[in-house]
Amino acid sequence: MTGPKYWRSLDELAGTPEFKQWVHREFPENATDMLEGESRRTVLKVMAASFGLAGLAACSRPVEHILPNSKGVDNYVPGQSYFYGTAMSLGGHVQGLLVETHDGRPTKIEGNPDHPTSLGAATALAQASILNLYDPDRSRTVLEGGKDSTWAKFEAAAKGLSLGDGSGLRFLSETVMSPSLASLRAAALQKFPKAKWVEYESFNRENERLGCEIATGTPGYSRARYDNAKVIVSLDLDFLNLDIPAPLATKLFAKRRRVESEEDLEKLTRLYMVESQFSITGSNADHRLRVKGSAIKQFAMDLAAQLGALPGLNVVGNGDRGAKFLAAVVKDLKAAGKEGLVVAGPRQPAVVHAIAHLINSQLGAIGTTVEFPKGWDDGKSLKGAAGLKSLTTEMSNGQVSTLVILGGNPVYTAPADVQFGAALSKVAASIHLGQDADETAAAAKWHVPEAHYLESWGDVATVFGATTIQQPLIEPLHGGKTASEIVALLIDNKEKSAHDIVKAYWTSQWPAADRDKTWKKALHDGLVPTKAADALKVTIDAKKVAAAVAAEPKAADTGVEVAFVPSATAWDGKFSNNGWMQEAPDPMTKLVWGNAALISAKTAAAKNLSDGDVVTLAKGNLKLDVAVRVQPGQADDAVTLGLGYGRMKSGRVGTDVGFNAGLIRTTDDFWYGSGFSITPTGKRHVHASTQEHGAMEGRPIVREATVAEYKKNPKTIEERQELPVLDSLYPQRNYDQGYQWGMAIDLTACTGCNACVVACTA
């Protein structure tokens, strides 16, 4: 055996008897019964119900004319598949999609190859969203005070609201990515000049936006061109996974990591990763430094100082290993020049994003590996956790008489310190638009079912201007409404239906003679035919960045630090009731059906903890009981918690699954929080995991070679395909008879000796 040896788990590395027993059985006994109670049986029933609903639900096409991406719909053939262009937004990012339909029912989602953020690919969450459409637990009726009501009664109540100049009116939405909704927002704030609009999501791009403002003077976003970068330094940005929930970054990065010839070796991108959790991007990095999330700010400062972008700063270096890592990064970035790229993650404060922009400017990379497109956001909203906290304070003080919640579930997702649910009870007229009868629906005076994006008209735009018309593939299954329709009702807009709102907005911008043709082309292509936003010519203000760095408080390294990240399967709770996602293993931890407090092996040893031990994470009045899991690659004295679990009202699948990390998330500790204590409770929790399922039988988990080895022998990877079996690990298996796992066996010659460990009942 040549090259490094990889292992699947710490138990395999240690060669524990438990791991050997797992390998011997290949799957653990009673694996399907590991979850408590009827959980897994329930999800299988609900998934079956979802597919049944897809087959039995009314399959009417929308009355308005929709256009397929493929030709031939005029000669419609029953049972034939047709593809329609649409888009999905999540966390401030957009994915252009192609949705396959059969007989008026959406059946499969893939990426739109013509959309600049998808390039033909779709994320797991996008593909799973089709099951959210057919979820039997979706909200089906208007609720008034938690009791069934009708749209007519709600409409009458909404028209009867006394809104005046909007002094007591507040709108709360998720990130507005819709140009037509943004237009209605402007109209609402014009009609009600004293009203306010707040945008809040559990995972947002607020630090990125504010970092751009520090560096350039204008709040906005940058666009990384990973395909143009020779050296990439990621400061806590998991761009290959959930920090950018769209396929574009992965597609661009992969362009320079695919080796099909020796020429490709010269174009290989080198990736450096600095992070606290072990991420998909970290696992793909050539070099990785694990530090607490709060320590990454100091690393960014050190990097800027070493490159000459922030002269005069003292370099800390993060110990010997950190100093060596920093020196290598500096050397490579200087050599890369304009082909260097530094990016920062959404969890990092705005100043780190500003430092990244400053370094890219110092390298001459602006215009090559990073661009600043002009977005369409009109800046009329209060944003992020700070905006939500301000709104909640007004609600608690009686300054809000009418609150309109347009999507989302803030009672569950709001930081613990704002006490949003308690404040909501003080609002006289509260309206919630949502797809589920969730925690917020139960707390609001009115709840209106929200239409799924696959059954509603709408539009979504990326921050660099690429816009898609969302066309419905099926009539709303439960009479759901869109955010645009709710706002249009409240401001008495001329257009009331979602179709009319979207079409009127876009056709008004086109010449009258071309409107019908342009509208049809937009539906067919999945893209509005508009000129892409030009990259802005920006100047990075080094003095302003230096002033922001000087004003930053020093991180207090006390106690244990907790990081809050999106769940790969539940996101922030949007997919909690999606059985397919609950069954899908987390790509790094391989956990299913729940989350865990991820800790390093060193921290576990110091606290005498092992997988499944339940601990109390506490800080002041905040407390959470959660089971731990030892995760290789995790920073020491740092805990990573995935949000989206511990739901109280999430249908038959998602209710009471996992631990609610939001109970210890606050506006001050929105991304990272230090000063937590870990106290064992003496209780145990069984995690369901696929990490050790499926024996490799001695075959390598990963085959790799260095560039030098590949140049010497291009077949070096292939030659490492067959590795000898570790007889010490599998002593019970006899391979001396020439049997290789996976080869066909003549069962007629089987003597039943079990030497090949093949279960034979012949």
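Each chain carries its own residue numbering, running from 1 in the direction its sequence is written. Two thresholds apply to this predicted model, a pLDDT of at least 70 for residue-level local features and 80 or more for giving and counting side-chain atom pairs, whereas whole-chain, interface and lining totals are computed over all residues. To obtain the side-chain values, all non-hydrogen atoms of the structure were used and water was disregarded.

**Observations regarding the overall build of the chain**
Counted only if it meets this: We count a stretch as a helix when DSSP gives it H or I for four or more residues in a row; a strand needs E for two or more, and each element gets its number in order from the N terminus. Burial status follows relative accessibility: with a 1.4 Å probe on protein chains alone, a residue under 20% of its type maximum counts as buried, one over 50% as exposed, and anything between as partly exposed.
Within the chain, the secondary structure is distributed over 26 helices and 27 strands. Taken across its 762 residues, the chain has 53% of its residues classed as buried.

**Quick notes on the sheet that holds strand S9 (residues 231–235)**
Inclusion rule: Whether two strands pair comes down to DSSP finding at least two bridges between them. Helix axes are fitted only over the stretch in contact, all axes being lines through C-alpha atoms; the angle between N-to-C directions runs from 0 to 180 degrees. In this analysis, two residues are considered to be in contact whenever any of their non-hydrogen atoms come within 4.5 Å of each other.
The sheet built from four strands is open, its strands ordered S11-S10-S9-S12 with parallel pairing. At either margin of the open sheet sits one strand with a lone partner, and together these are strand S11 (287–290) and strand S12 (340–344). Each strand axis lies, on average, 10 degrees off the axis of its neighbour in the sheet, ignoring direction. Bridge analysis of S9 against strand S10 (residues 270–275) gives five bridges, and the strand direction is parallel. Note on S10: the bridge partner recorded for Leu235 is Val274. Sheet contacts for helix H11 (residues 296–306): S9, S10 and S11; angle to S9, the most-contacted strand, approximately 145 degrees. Running over the sheet, helix H13 (residues 350–363) touches S9 and S12 and is turned about 175 degrees from S12.

**Comments concerning the pairing of strand S17 (residues 446–449)**
Burial along S17 is two-sided: Trp446 and Val448 facing one way and His447 and Pro449 facing the other are all buried. Where strand S4 (residues 143–144) and S17 come together, two bridges link them in antiparallel fashion. Each residue of the ladder has a partner; that of Glu144, found in S17, is Trp446. Bridging between strand S16 (residues 429–434) and S17 involves four bridges; their strand directions are parallel. Looking across to S17, one finds that Leu433 is bridged to Val448.

**Some remarks on the confidence of the model for the chain**
Rule in force here: The pLDDT value tells you how sure the predictor is about a given residue, anywhere from 0 up to 100.
Mean pLDDT for the chain: 86, with 84% of residues reaching 70 or above. In this model, residues 722–762 is a region of pLDDT below 50 whose contacts with residues beyond four sequence positions or in other chains number 39 contacts.

**Re the pairing of strand S3 (residues 105–111)**
The sheet contact formed by strand S2 (residues 93–102) and S3 spans six bridges and is antiparallel. Each residue of the ladder has a partner; that of Val99, found in S3, is Ile109. Taken together, S2 and the strand that follows it, S3, pair antiparallel across an intervening segment of two residues, in which Asp103 is found at a positive phi of about 50 degrees.

**Details of the environment of Gln127**
Which entries qualify depends on this criterion: Polar contact is defined as a pair of N or O atoms within 3.5 Å, subject to the rule that within protein one atom must be able to donate a hydrogen and the other to accept it, and that residues adjacent in sequence are counted only when both atoms are side-chain atoms.
Assignment of secondary structure puts Gln127 in helix H4 (residues 124–133). A residue is classified by how much of its surface remains accessible, and Gln127, at 24% relative accessible area, is partly exposed. In contact with Gln127, not counting residues within four places along its chain, are Lys108, Ile109, Glu110 and Ala122. Within polar-contact distance, the side chain of Gln127 engages the backbone oxygen of Ala122 at 3.5 Å.

**Comments concerning the sheet that holds strand S24 (residues 622–630)**
If you walk around this closed barrel you meet the six strands as S20-S25-S22-S24-S23-S26, and the pairing is mixed. Across the sheet, the axes of successive neighbouring strands diverge by a mean angle of 45 degrees, strand direction being ignored.

**Concerning the packing of aromatic side chains**
Put simply, the rule is: Two aromatic rings from Phe, Tyr or Trp, using only the six-membered ring of Trp, form a pair when their centres are within 6.5 Å; if the ring planes differ by under 30 degrees the pair is stacked, by over 60 it is edge-to-face, and anything between is tilted. The rule for a charge over a ring is simple: NZ of Lys or CZ of Arg within 6 Å of the ring centre, and within 35 degrees of the ring normal.
Under the definition given, this model contains 14 aromatic pairs. Grouping aromatic residues by their ring pairs yields a cluster made of Tyr200, Phe203, Trp571, Phe670 and Trp671. The residue whose ring lies beneath Arg185 is Trp197, and the NZ or CZ to ring-centre distance is 5.9 Å. Over the ring of Trp151 we find Lys481; its NZ or CZ atom is 4.6 Å from the centre of that ring.

**Side note on the pattern of salt bridges**
Applied cut-off: Just to be clear on terms, a salt bridge is a Lys or Arg side-chain nitrogen sitting within 4 Å of an Asp or Glu carboxyl oxygen.
Summed over the entire model, instances satisfying the criterion amount to 30 salt bridges. In this structure, the salt-bridge partner of Glu199 is Arg185, at a minimum N-O distance of 2.6 Å. Separated by 14 residues along the polypeptide, Glu199 in strand S7 (residues 196–199) and Arg185 in helix H6 (residues 179–191) bring together distant segments of the chain. Note on Arg185: relative accessible area 0%, which makes it buried. Across the pair Arg223 and Glu371 runs a salt bridge whose closest N-O atoms are separated by 2.9 Å. In this pair, Arg223 is assigned in strand S8 (residues 223–224) and Glu371 in strand S13 (residues 370–371), connecting sequence segments 148 residues apart. For Glu371, a relative accessible area of 14% corresponds to the buried category. Beyond isolated ion pairs, a larger network of salt bridges with shared partners links Arg170, Lys196 and Glu394.

**Focus: a nonpolar patch on the surface**
The test is simple: Residues enter patches when they are more than 30% accessible in relative terms and free of salt bridges; like-charged ones are connected within 9 Å and nonpolar ones (Val, Leu, Ile, Met, Phe, Trp, Tyr) within 5 Å. To be clear on the numbers: accessible area is Shrake-Rupley with a 1.4 Å probe, and residue cover counts the displayed protein chains and nothing else.
Among the surface-exposed residues, Tyr6, Ile701 and Val702 lie close enough to one another that they form a single nonpolar patch of about 240 Å² accessible area. Topologically, Tyr6 is positioned in the segment before helix H1 (10–14).

**As for H6**
In an α-helix, one turn spans 3.6 residues; hence positions three or four apart end up facing the same way. What counts is decided by this rule: A helix is expected to span 1.5 Å for every residue after the first.
The end-to-end C-alpha separation of H6 is 18 Å, in line with the 18 Å expected for 13 residues at 1.5 Å each. Among the residues of H6, Pro179, Ser180, Leu181, Ala182, Leu184, Arg185, Ala188 and Leu189 are the ones counted as buried. Elements that come into contact with the buried residues of H6 comprise strand S6 (169–173), S7, strand S18 (458–461), strand S19 (467–470), helix H18 (483–491) and helix H19 (498–507).

**Some thoughts on unusual backbone geometry**
Glycine aside, residues mostly have negative phi angles, and peptide bonds mostly take the trans form. Positive phi values are uncommon outside glycine, yet Asp103 reaches one of about 50 degrees. Within the secondary structure, Asp103 is located in the loop between S2 and S3. Exposure remark for Asp103: the relative accessible area of 30% places this residue in the partly exposed category. Non-glycine residue Asp637 carries a positive phi angle of around 55 degrees. Judged by relative accessible area, which is 37%, Asp637 ranks as partly exposed.

**Topic: the nonpolar core**
Where we set the bar: Remark: nonpolar core denotes a set of buried residues (Ala, Val, Leu, Ile, Met, Phe, Trp, Tyr, Cys) joined through side-chain atoms within 4.5 Å.
Ranked by size, the top nonpolar core spans 80 residues in total, and within it Leu403, Phe420 and Leu641 carry the most contacts. With six residues, the single largest contributor to this core is S24. When sequence neighbours within four positions are dropped, the list of residues in contact with Leu641 reads Val562, Ala563, Phe564, Val565, Ala596, Ala597, Leu617, Leu624, Val626, Ala661 and Ile664. Membership of the second largest hydrophobic core comes to 43 residues, among which are Ile214, Val274, Ala300 and Leu307.

**Topic: the packing of H11 against H13**
Under the convention used in this document: Roughly parallel here means an angle under 35 degrees, roughly antiparallel means over 145, roughly perpendicular means 65 to 115, and every remaining angle is called oblique. Handedness of each helix crossing follows the sense of rotation of the near helix against the far helix: counterclockwise by less than a right angle gives left-handed, clockwise gives right-handed. Each residue gets one label: Ala, Val, Leu, Ile, Met, Phe, Trp, Tyr, Cys and Pro are nonpolar, Asp, Glu, Lys and Arg are charged, and the others, such as Gly, are polar.
Where H11 meets H13, the axes come as close as 10 Å, and the angle between the chain directions of the two elements is 20 degrees. Regarding the angle of H11 to H13, the classification is roughly parallel. Considering only the axes of H11 and H13, their crossing is left-handed. Residues Lys297, Ala300, Met301, Leu303 and Ala304 of H11 touch H13, and the partners they reach there are Val351, Val352, Ile355 and Ile359. Residue composition of the contact of H11 with H13, by class: eight nonpolar, no polar and one charged.

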